Amino acid sequence: MGTVYALANQKGGVGKTTTAVNLAACVAEAGYDTLLVDIDPQANATIALGIAKDAPRTVYDVLIGDATLDEVVMPTTIERLSLAPAGPDLAGATVELPRTSGSEVRLREALGDVRDKYAFTLLDCPPSLGPLTVNALVAADRVIVPVQAEYFALEGLAGLLDTLSLVQRDLNPRLTVAGMLLTMYDGRTRLAQDVEREIREHFPELVFDTVIPRNVRVGEAPSFGKPVIHHDPHCAGADAYFELAKEVAARG
């Protein structure tokens, strides 16, 4: 049975989607069948893989019970990497799901039909702790928390960890934190160094050794509809995501 990872942080702009897309591509490149599930109404992960956000069926159809995940999943241009796309209609799910009894387990039930097909499934969450993110946390085995190397990124960690504890207690006792990932790191600045020191002191066992640097190639890759390892496989960002994939695999 494959492992399901949610990439979650209620703060926007911390590198969740960038990490989801590039980590999924690195794992697929290593020879593992991989599924990326885009559950963000902005559909950035979908667009970053060169797929328009107007697919006839999206994760929204899965969450409202109109389609199975198998019916939504599509291939990408990357061998061994499949995508369950998002679209703007997912915004409606944030209103509809809370009105439905048991809606928080919809994604877990949907994944039950396909997770044996994939060694790794990555769930790209929206920048909130709403019903879509809760669905992902209930469905996941492990959580990767991208943390931007800036002061305000630390402020939201307590709220996220509280939410994770509630989900573990009430809905998904098997959920664990795979690790916290420092992103957009500029080692030339005192601020980045201070943030790294503080987060490693507070969460010594949880922070990944790998740090994702600020890198122009990582930022421009989505405009080409490619992960950075296919846009510029020799840049610092691509190297960092390959190292992260190795570390995630080693942590199980």
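The coordinates are above.
Residues numbered from 1 in each chain as written. Predicted model: local features only at pLDDT ≥ 70, side-chain atom pairs only at ≥ 80, totals over all residues. Heavy atoms only, no water.

1. A closer look at the pattern of salt bridges
- What the rule picks out here adds up to 14 salt bridges.
- The partner of glutamate 243 in a salt bridge is lysine 246, with the nearest N and O atoms 3.4 Å apart. Remark: lysine 246 and glutamate 243 occur in helix H13 (residues 236-251); sequence separation between them is 3 residues, near one turn of the helix.
- On the basis of relative accessibility, which here comes to 42%, the residue glutamate 243 falls in the partly exposed class.
- Put simply, arginine 251 and glutamate 247 hold a salt bridge, and the shortest N to O gap is 3.4 Å. (Salt bridge = Lys/Arg side-chain N within 4 Å of Asp/Glu carboxyl O. Helix = DSSP H or I, 4+ residues; strand = E, 2+ residues; numbered from the N terminus. Buried < 20%, exposed > 50% of the residue type's maximum accessible area, 1.4 Å probe, protein only.)

2. Description of the sheet that holds strand E5 (residues 120-124)
- Read across the open sheet, the 8 strands follow the order E3-E4-E2-E5-E1-E6-E7-E8; overall the sheet is mixed. Sheet topology places strand E3 (74-75) and strand E8 (207-213) at the edges, where each strand pairs with a single neighbour.
- Where strand E2 (residues 34-38) lies against E5, 5 bridges are found, and the strand directions are parallel. In the sheet register, leucine 36 faces E5, and the bridge partner there is leucine 122.
- Those strands touched by helix H1 (residues 16-29) are strand E1 (3-7), E2, strand E4 (81-84), E5, strand E6 (142-148) and strand E7 (176-185), and its axis lies near 165° from that of E5.
- Most of the contacts of H13 go to E8, to which it runs at about 165°, and overall it touches E1, E6, E7 and E8. (Pairing = 2+ DSSP bridges. Contact = heavy atoms within 4.5 Å. Axes fitted to C-alpha atoms, helices over the stretch in contact; angles between N-to-C directions.)

3. Points about the nonpolar core
- In this structure, Leu69, Leu123 and Ile199 are the most contacted members of the largest nonpolar core, which totals 55 residues.
- With residues up to four places along the chain from it excluded, the contact list for leucine 69 reads Leu35, Val62, Ala84, Ala110, Leu111 and Val114.
- By size, the runner-up hydrophobic cluster in this structure holds 36 residues, among which are Val27, Ala28, Ile78 and Val218. (Core = buried A, V, L, I, M, F, W, Y, C linked by side-chain atoms within 4.5 Å.)

4. Remarks on helix H7 (residues 131-139)
- Most of H7 is tucked away, with 8 of its 9 residues classed as buried.
- Considered for burial, the residues of H7 that qualify are Leu132, Thr133, Val134, Asn135, Ala136, Leu137, Val138 and Ala139.

5. What about a nonpolar patch on the surface?
- Where nonpolar side chains cluster on the molecular surface, the patch consists of Tyr151, Phe152 and Leu191 and spans about 360 Å² of accessible area.
- Position of leucine 191 among the secondary structure elements: in helix H10 (residues 190-202).
- Looking at leucine 191, the relative accessible area reads 44%, which means it is partly exposed. (Patch = residues over 30% accessible without salt bridge, like charges linked within 9 Å, V, L, I, M, F, W, Y side chains within 5 Å. Areas by Shrake-Rupley, 256 points an atom, 1.4 Å probe, with all protein chains shown as cover.)

6. Things to note about the pairing of E7
- A large share of E7 lies buried, amounting to 8 of its 10 residues.
- As defined by bridge partners, E7 adjoins E8 across 3 bridges and the pair is classed as parallel. Residue methionine 180 lies in a different strand from E8, and its bridge partner there is valine 207.
- Following the chain from E7 across H10 to the adjacent parallel E8, one finds a crossover that is right-handed. (Right-handed = clockwise from strand over helix to strand, strands pointing away.)

7. Points about the packing of aromatic side chains
- Scanning the entire structure with this criterion turns up 2 aromatic pairs.
- Relative to phenylalanine 120, the ring of tyrosine 5 lies with its centre 6.1 Å away and its plane at 20°, an arrangement referred to as stacked. With a gap of 115 residues between them, tyrosine 5 in strand E1 and phenylalanine 120 in strand E5 connect regions that are remote in the sequence.
- What makes tyrosine 5 buried here is its relative accessible area of 1%.
- Classification of phenylalanine 120 by relative accessible area gives buried; the value is 12%.
- With centroids separated by 5.4 Å and ring planes inclined at 80°, the aromatic side chains of tyrosine 32 and phenylalanine 120 adopt a geometry described as edge-to-face. Residue tyrosine 32 is found in the loop between H1 and E2, and its partner phenylalanine 120 is found in strand E5; the two are separated by 88 residues along the sequence.
- One aromatic cluster in this structure is built from Tyr5, Tyr32 and Phe120. (Phe/Tyr/Trp six-rings, centres within 6.5 Å; stacked < 30°, edge-to-face > 60°.)

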